[in-house]
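Coordinate inspection notes
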Amino acid sequence: EDQVTQSPEALRLQEGESSSLNCSYTVSGLRGLFWYRQDPGKGPEFLFTLYSAGEEKEKERLKATLTKKESFLHITAPKPEDSATYLCAVLSLGDSGNTPLVFGKGTRLSVIA
Amino acid sequence: GAVVSQHPSWVICKSGTSVKIECRSLDFQATTMFWYRQFPKQSLMLMATSNEGSKATYEQGVEKDKFLINHASLTLSTLTVTSAHPEDSSFYICSASTDYEQYFGPGTRLTVT
């Protein structure tokens, strides 16, 4: 059974204090790993898809990396507007676009000015 | 990018009435859409998988006669909460799949009084 574990559950940073969020996964074979951002009272916003180990993607202050067992979401010099819950999800090789993603429970990030 | 809309964004109804929520993919065709519900500060909970032109697949514990899903076209899926009760009050979110990526709608807040 595919599993996704995110850590920490909650993270509090000072503005400008860089850090990383972790997503560990267990799948029989990885088709894709996905990062989303969710603000309170809103649907998740798509950030990145990573397909193979060694792949990296960047968007503004965020950079996502992937190994064979985990993914990291690095946040460089965060700002208060980066405060949100970050969700990680996986899709395994045996699955298609008709298969729901397996989500972790998320990391609640708070960035304090 | 891929955009998914939901309507209404919030709704208040009386106990015993039915409520319909629409989910539309605005700039792509989605053969598969997913319906989730989310309670405050909790993870997304998958309710059902909806494929265009066929019956929805419901997750264990989700009453298919209570949560009616119709996926009539490649851009529209609807969720009808029948005979709603206060315990059905929640945040309902849809997502639409294109290839292997899933994009979420903004969510619908349902309050049953």
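Now for a look at the structure at hand. In this text, all values refer to a predicted model and were calculated from it rather than measured experimentally. (Residues numbered from 1 in each chain as written. Chains lettered and ligands numbered in written order. Predicted model: local features only at pLDDT ≥ 70, side-chain atom pairs only at ≥ 80, totals over all residues. Heavy atoms only, no water.)

Turning our eyes to something else, we now look at the pattern of salt bridges. This model, assessed by the stated rule, comprises seven salt bridges over all chains. Measuring nitrogen to oxygen at the nearest pair gives 3.8 Å for the salt bridge that ties Lys57 of chain A to Glu55 of chain A. (Salt bridge = Lys/Arg side-chain N within 4 Å of Asp/Glu carboxyl O.)

With that settled, consider the interface of chain A and chain B. Between chain A and chain B, the residue contacts involve 22 residues of the former and 23 residues of the latter. If you list the elements that add at least two residues to the side of chain A that touches chain B, you get strand S4 (30–38), strand S5 (45–50) and strand S9 (84–92) of chain A. The element best represented in the side of chain A that touches chain B is S4 of chain A, accounting for four residues. (Contact = heavy atoms within 4.5 Å. Helix = DSSP H or I, 4+ residues; strand = E, 2+ residues; numbered from the N terminus.)

Right, let's talk about the nonpolar core for a bit. Core analysis: the largest hydrophobic core is formed by 40 residues, its most contacted members being Tyr36 and Phe103 of chain A together with Leu110 of chain B. With five residues, strand S9 (residues 90–98) of chain B is the single largest residue contributor to this core. Contact partners of Phe103 of chain A, with chain neighbours within four places excluded, come to Val4, Tyr36, Leu87, Cys88 and Ala89 of chain A together with Tyr36, Leu44 and Phe104 of chain B. (Core = buried A, V, L, I, M, F, W, Y, C linked by side-chain atoms within 4.5 Å. Buried < 20%, exposed > 50% of the residue type's maximum accessible area, 1.4 Å probe, protein only.)

The next subject is the environment of Glu15 of chain A. All names here are of chain A. For Glu15, the position within the fold is in the loop between strand S2 (10–14) and strand S3 (19–26). Glu15 sits 64 residues away from Lys79 along the chain, and the two C-alpha atoms are 5.2 Å apart. Excluding residues that lie within four positions of it along the chain, Glu15 makes contacts with Pro78, Lys79, Pro80, Val111, Ile112 and Ala113.

Here we take up the state of the cysteines. Residue and element names in this part refer to chain A. Going through the model one piece at a time under the given rule, you end up with two disulfides over all chains. Residue Cys23 pairs covalently with Cys88 via a disulfide, S to S 1.9 Å. Judged by the torsion about the S-S bond (-65°), the Cys23/Cys88 disulfide is left-handed. Linking Cys23 in strand S3 with Cys88 in strand S9, this pair joins segments that are 65 residues apart in sequence. (Disulfide = S-S within 2.5 Å.)

All names here are of chain A. Taken in spatial order, the five strands of this open sheet run S1-S3-S8-S7-S6, and their pairing is antiparallel. Sheet topology places strand S1 (3–7) and strand S6 (56–59) at the edges, where each strand pairs with a single neighbour. The average angle at which neighbouring strand axes cross in this sheet is 15°, direction not considered. Of the strand pairs in this sheet, S3 and strand S8 (residues 70–75) are connected by six bridges, and their pairing is antiparallel. What sits directly across from Cys23, in S8, is Ser71. (Pairing = 2+ DSSP bridges. Axes fitted to C-alpha atoms, helices over the stretch in contact; angles between N-to-C directions.)

With that settled, the discussion passes to the packing of aromatic side chains. For the structure on display, the rule yields nine aromatic pairs over all chains. Between the aromatic rings of Tyr36 of chain A and Phe104 of chain B, the centroid separation amounts to 5.2 Å while the plane-to-plane angle is 90°, which identifies the pairing as edge-to-face. Here Tyr36 of chain A is found in strand S4, whereas its partner Phe104 of chain B is found in strand S10 (residues 101–104) on a different chain. Residue Tyr36 of chain A shares its accessibility class with Phe104 of chain B, and that shared class is buried. (Phe/Tyr/Trp six-rings, centres within 6.5 Å; stacked < 30°, edge-to-face > 60°.)

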